[in-house]
Amino acid sequence: DILSCFARKPLFGYKPMVYSISAIAGLGFVVWGHHMFISGMNPALGMTFMVSTMMIALPSAIKTFNWIGTIWGGNIRFNTVLLNCVAFVSMFIVGGLSGIFMAAVPVDIYFHDTYFIVAHFHYILFGSTLFGVFAAIFYWFPKMFGRMMNETLGKIHFWGTIIPFNLIFIPLFVLGAAGQHRRIYDYTGFPELAKYQDVRVFATMALLVMLAFQLVFFYNCLISWRSGKKAGNNPWNSNTLEWTTSSPPGHGNWKELPTVYRGPYEYSTPGREEDFWPQNVPN
């Protein structure tokens, strides 16, 4: 969970997060029509899908503000895990805000099937997911293999990924706003788009740079697995039970089942010297 990387209890508690996830799941069943605004559907039906699509922004905003608010006042550490978590939230915000444009029928009629759409869903389905996966791998690597991943290589990979990623898809927003449609294999039939060739080349070069930096990630995984720093049981000072066993865990996970004394988010407890308080440590 991304909140584990922030090492804080959710700002507004767990119920708003649960309700917002449920609302997103429920509304997700009734928004499919926003892909068909230009299909000639009844305008009243299009209005229904437009409203339901925009309503998804409300529970999504609750989740996003909860993530951001959880960071506020926290004793955060800007390691590779946190950087990727913040990138996940940031890319999710960009993708979500750009999606509001396509939710409106009049705007979607222009943007439909353009590079604006490509940039939008890549920020949501690729950007946020990608950085979430990187954060998870860095976070769980020591528990899986008993060794830490290299922080320097991790930060080089992070900056070498997030900067080119935005240099790829921000130009695609520009191309989509200029009216460039997807799946054009020959631009000779579209002379009004010829002047944007430099933008397309720039985005392509940024893609190649981002792909090259993924070699740093795989190299980091390999050398860390073979000769990385020994992790110990709890390298992240986390409170949850999986960090009370050995890294990697043995057969059955624990030699003896741990005793649980409290919830998993007891951080910065008044009167306690350490910033964290594992679940299995007595009062």
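Here is what the cut-offs are and how they apply
Residues numbered from 1 in each chain as written. Predicted model: local features only at pLDDT ≥ 70, side-chain atom pairs only at ≥ 80, totals over all residues. Heavy atoms only, no water. Helix = DSSP H or I, 4+ residues; strand = E, 2+ residues; numbered from the N terminus. Expected span 1.5 Å × (residues − 1). Contact = heavy atoms within 4.5 Å. Buried < 20%, exposed > 50% of the residue type's maximum accessible area, 1.4 Å probe, protein only. pLDDT = per-residue confidence, 0-100. Polar contact = N/O pair within 3.5 Å; in protein donor to acceptor, adjacent residues only side chain to side chain. Axes fitted to C-alpha atoms, helices over the stretch in contact; angles between N-to-C directions. Parallel < 35°, antiparallel > 145°, perpendicular 65-115°, else oblique. Left-handed = near helix turned anticlockwise from the far one by under 90°. Nonpolar A, V, L, I, M, F, W, Y, C, P; charged D, E, K, R; others polar. Patch = residues over 30% accessible without salt bridge, like charges linked within 9 Å, V, L, I, M, F, W, Y side chains within 5 Å. Areas by Shrake-Rupley, 256 points an atom, 1.4 Å probe, with all protein chains shown as cover. Salt bridge = Lys/Arg side-chain N within 4 Å of Asp/Glu carboxyl O.

## Observations regarding helix 9 (residues 197–227)
Part 1 of the reasoning: In this model helix 9 runs 46 Å from its N-terminal to its C-terminal C-alpha over 31 residues, within 8% of the 45 Å that 1.5 Å per residue would give.
Part 2 of the reasoning: Where helix 9 is buried, its residues contact helix 7 (115–145) and helix 8 (151–177).

## Examining unusual backbone geometry
Working note: non-glycine residues mostly have negative phi, and peptide bonds are mostly trans.
Part 1 of the reasoning: In this structure, the amide linkage connecting Ser247 to the following residue, Pro248, adopts the cis form with an omega of -5°.
Part 2 of the reasoning: Not every positive phi belongs to a glycine, and Arg183 is a case in point at roughly 65°.
Part 3 of the reasoning: Mapped onto the elements, Arg183 comes out in the loop between helix 8 and helix 9.
Part 4 of the reasoning: Assessed through its relative accessible area of 63%, Arg183 is described here as exposed.
Part 5 of the reasoning: We note that Asn253 has phi near 75°; this positive angle belongs to a residue other than glycine.
Part 6 of the reasoning: The residue Asn253 is located in the segment after helix 9 in this model.

## Structural notes on the confidence of the model for the protein
Part 1 of the reasoning: A residue-level look at the protein finds 95% of positions with pLDDT of 70 or above and a mean pLDDT of 87.
Part 2 of the reasoning: Below a pLDDT of 50 lies the segment residues 1–7, which in the model reaches 24 contacts outside its immediate sequence neighbourhood of four places, other chains included.

## Some remarks on the environment of Arg272
Part 1 of the reasoning: Following the sequence through the fold, Arg272 ends up in the segment after helix 9.
Part 2 of the reasoning: When the C-alpha atoms of Arg272 and Gly26 are compared, they prove to be 42 Å apart, with 246 residues separating the residues in sequence.
Part 3 of the reasoning: Other than its neighbours up to four places away in sequence, Arg272 contacts Trp277, Pro278 and Val281.
Part 4 of the reasoning: Here the side chain of Arg272 touches Glu274 through a polar contact of 3.2 Å, side chain to side chain.
Part 5 of the reasoning: At 3.1 Å, the side chain of Arg272 and the backbone oxygen of Phe276 are in polar contact.

## A look at the packing of helix 5 (residues 80–103) against helix 7
Between two packed helices, both the angle of their axes relative to each other and the distance between the axes serve to describe the pair.
Part 1 of the reasoning: Close contact between helix 5 and helix 7 brings their axes to 8 Å; oriented N to C, the two are set at 160°. In terms of orientation, helix 5 and helix 7 fall into the roughly antiparallel class. Taken as a pair, helix 5 and helix 7 cross one another with a handedness that is left-handed.
Part 2 of the reasoning: Split by residue class, the contact of helix 5 with helix 7 holds 18 nonpolar, 10 polar and no charged.

## Remarks on the side chain of Ser52
Part 1 of the reasoning: When you line up the elements, Ser52 lands in helix 3 (residues 43–55).
Part 2 of the reasoning: The buried category is assigned to Ser52, whose relative accessible area is 8%.
Part 3 of the reasoning: In this structure the side chain of Ser52 is engaged in a polar contact, spanning 3.0 Å, whose partner is the backbone oxygen of Phe49.
Part 4 of the reasoning: Setting aside anything within four residues of it in sequence, one finds Ser52 in contact with Leu27, Val30 and Val31.

## Some thoughts on the packing of helix 7 against helix 8
Part 1 of the reasoning: Relative to each other, helix 7 and helix 8 sit at 170°, their axes nearing to 8 Å. Relative to helix 8, the element helix 7 lies roughly antiparallel.
Part 2 of the reasoning: When grouped by side-chain class, the residues that make up the contact of helix 7 with helix 8 number 19 nonpolar, 8 polar and no charged.

## A few points about a nonpolar patch on the surface
Part 1 of the reasoning: Together, Trp140, Met144, Phe145, Leu222 and Trp225 make up an exposed nonpolar region whose accessible area comes to about 510 Å².
Part 2 of the reasoning: For the nonpolar patch, the elements supplying multiple residues, two or more each, are helix 7 and helix 9.
Part 3 of the reasoning: With 3 residues, helix 7 is the single largest residue contributor to the nonpolar patch.
Part 4 of the reasoning: Relative to the helices and strands, Leu222 resides in helix 9.
Part 5 of the reasoning: The class for Leu222 is partly exposed, based on a relative accessible area of 43%.

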